[in-house]
Amino acid sequence: MVETIEWTPDGVVMIDQRRLPLEQTYVTCKTYQDVAHNIRAMTIRGAPAIGVAAAMGVALGVIEGADFDLVCETLAATRPTAVNLFWAIERMKALHKSLAGSPADLIRLRFIQEARQIRLEDIAICQAIGKHGAPLVPDHKTVLTHCNAGALATAGYGTALGVIRAAVEQGKEIDVFADETRPFLQGARLTVWELQQDHIPATLITDSMAGHFLKSGRIGCVVVGADRIAANGDVANKIGTYSVAVLAKENNIPFYVAAPISTLDLSLSSGDLIPIEQRNSSEVTHYAGTQVAPEDTQVQNPAFDVTPHRYVTAIVTERGVAREPFTESLKQLATGA
Ligand code: MRU
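In this text, all values refer to a predicted model and were calculated from it rather than measured experimentally.

A separate point is the site of the ligand. The local shell around the ligand holds 19 residues, among which Arg79, Gln186, Asp227, Asn237 and Lys238 are the closest. Side-chain polar atom of arginine 79 to an oxygen atom of the ligand: 2.8 Å apart, as the coordinates give it. Elements represented by at least two residues in the shell around the ligand include exactly α2 (47-64) and β9 (235-238). Split by residue class, the shell around the ligand holds 8 nonpolar, 7 polar and 4 charged. In this structure, the shell around the ligand is formed jointly by two domains, domain 1 (5-127) and domain 2 (131-335), each of which donates at least three residues.

Before going further, it helps to examine the nonpolar core. Ile5, Val12, Met14, Ile39, Val58, Leu75 and Phe111 are the most contacted members of the largest nonpolar core, which totals 41 residues. Mapped by element, the contributors of at least two residues to this core are β1 (5-8), β2 (11-15), β3 (26-29), α1 (32-40), α2, α3 (68-76), α4 (83-98) and α5 (104-133). Residues contacting isoleucine 5, with those up to four places away along its chain left out, are Val12, Val13, Met14, Ile44, Val52, Ala53, Met56 and Arg119. Ala210, Leu214, Ala248 and Phe255 belong to the second largest nonpolar core, which has 28 residues in total.

What follows covers the sheet that holds strand β7 (residues 219-224). Pairing within the open sheet is mixed, and its 7 strands lie in the order β6-β5-β4-β7-β10-β15-β16. Because the sheet does not close on itself, it has two edges, and the strands there are β6 (202-205) and β16 (320-322). Across the sheet, the axes of successive neighbouring strands diverge by a mean angle of 25°, strand direction being ignored. Note that strand β10 (residues 255-258) and strand β15 (residues 314-317) share 3 bridges and pair parallel.

The subject of this paragraph is the pairing of β1. A regular strand places its side chains so that they alternate between the two faces of the sheet. For β1 and β2, the ladder comprises 4 bridges, and the chain directions are antiparallel. Counted as the bridge partner of threonine 8 is glycine 11 from β2. Linking β1 to β2, which pair antiparallel, is a turn of 2 residues.

Rules used throughout
Here the residue numbers are simple positions, counted from 1 along each chain's written sequence. Two thresholds apply to this predicted model, a pLDDT of at least 70 for residue-level local features and 80 or more for giving and counting side-chain atom pairs, whereas whole-chain, interface and lining totals are computed over all residues. To get the side-chain values, all heavy atoms of the structure are used, and hydrogens and water are removed first. Each residue is tested against the molecule or strand, and it is near if at least one of its non-hydrogen atoms lies within 4 Å. For the purposes of these results, a polar contact is taken to be a pair of N or O atoms within 3.5 Å, where, inside protein, one atom must be able to donate a hydrogen and its partner to accept one; residues adjacent in sequence count only when each atom of the pair is a side-chain atom. Counting from the N terminus, the helices are DSSP H or I runs at least four residues long and the strands are E runs at least two residues long. Amino acids are sorted into nonpolar (Ala, Val, Leu, Ile, Met, Phe, Trp, Tyr, Cys and Pro), charged (Asp, Glu, Lys and Arg) and polar (every other residue, Gly among them). The split of the chain into domains comes from an automatic or database domain assignment. Think of a nonpolar core as a cluster: buried Ala, Val, Leu, Ile, Met, Phe, Trp, Tyr and Cys residues, connected wherever their side-chain atoms sit within 4.5 Å. For each residue, the accessible area found with a 1.4 Å probe, counting protein chains only, is set against the maximum for its type, and the residue is called buried under 20%, exposed over 50%, and partly exposed in between. In this analysis, two residues are considered to be in contact whenever any of their non-hydrogen atoms come within 4.5 Å of each other. In this analysis, strands are considered paired if DSSP registers two or more bridges between them. In this analysis, axes come from line fits to C-alpha atoms, helices being fitted only over the stretch in contact, and the angle between any two N-to-C directions falls in the range 0 to 180 degrees.

In short, shape yes, function no, at least from these values alone.
Following this line, the structure appears as structure tokens:
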């Protein structure tokens, strides 16, 4: 499996997801500003991976001796929707507080340890999500997924693709249909590539083909990741997820969301309150660098949509599976209450 992000003596090394699958190259971030730039530029993307990157960015900022609040503010301003970013920064802030008055050497060491620990925890969390989710995947069927919620979107193993990986490891004979995921093509470029590395059979479809195949009887379930989940179970995920969820319900196909507890935002009562990132219009007017729309075309480019909880069959976390009523089941998983 590919390494998404690592702390090294040279800096924070991340695989360049803008260049995959044609080139497997790596970017080394030596400053917290480098990390912020590469999160914004989508060199690294996917909610849990962004969280790990932010934690490592904070550690770099501490080593640089930069103003701590400025480091946290800069990293927090990179992308607004994935709550894991803010979760990781909050965790580093708590560490900062607990180390007040400690020697500088110890502070630097502890920040590096914490960032590396968040990365390792994320891999273990994804494996636990896989374990809880695999029994939900029907054998001898096709699983449809949207965007990339795989090893590349996490520190390793993946959330939605973690469920698929675990099902395959348990001996299930499944294959995957991957939506290409316009406009950034995470499905075509990343999900298919990642599944090929693991020899899991994958078929690429365009987003507009999803309804056709969901109606065909071939798809056993849908599994996607999430960027933020509100207290009532509404799920923000890559643009196009909502359409897939509605089509799944129309065709009586289970729609599963796989995400770590750090993706829950129980401070928001519903998905209407989740901030949605708007991205550059050139992602829509251009295809692989070539202009496909007329000059001066007006564009909307929301990077995420919100799927209302009534379309969500279950939410798979590292602590277990939540079902309706989500307000209760998610709270129980998050707090043990
Ligand atoms: O814009 P991206 O590529 O960061 O969006 C990624 C997604 O929407 C993923 O589905 C989500 O972050 C879950 S990743 C485990």
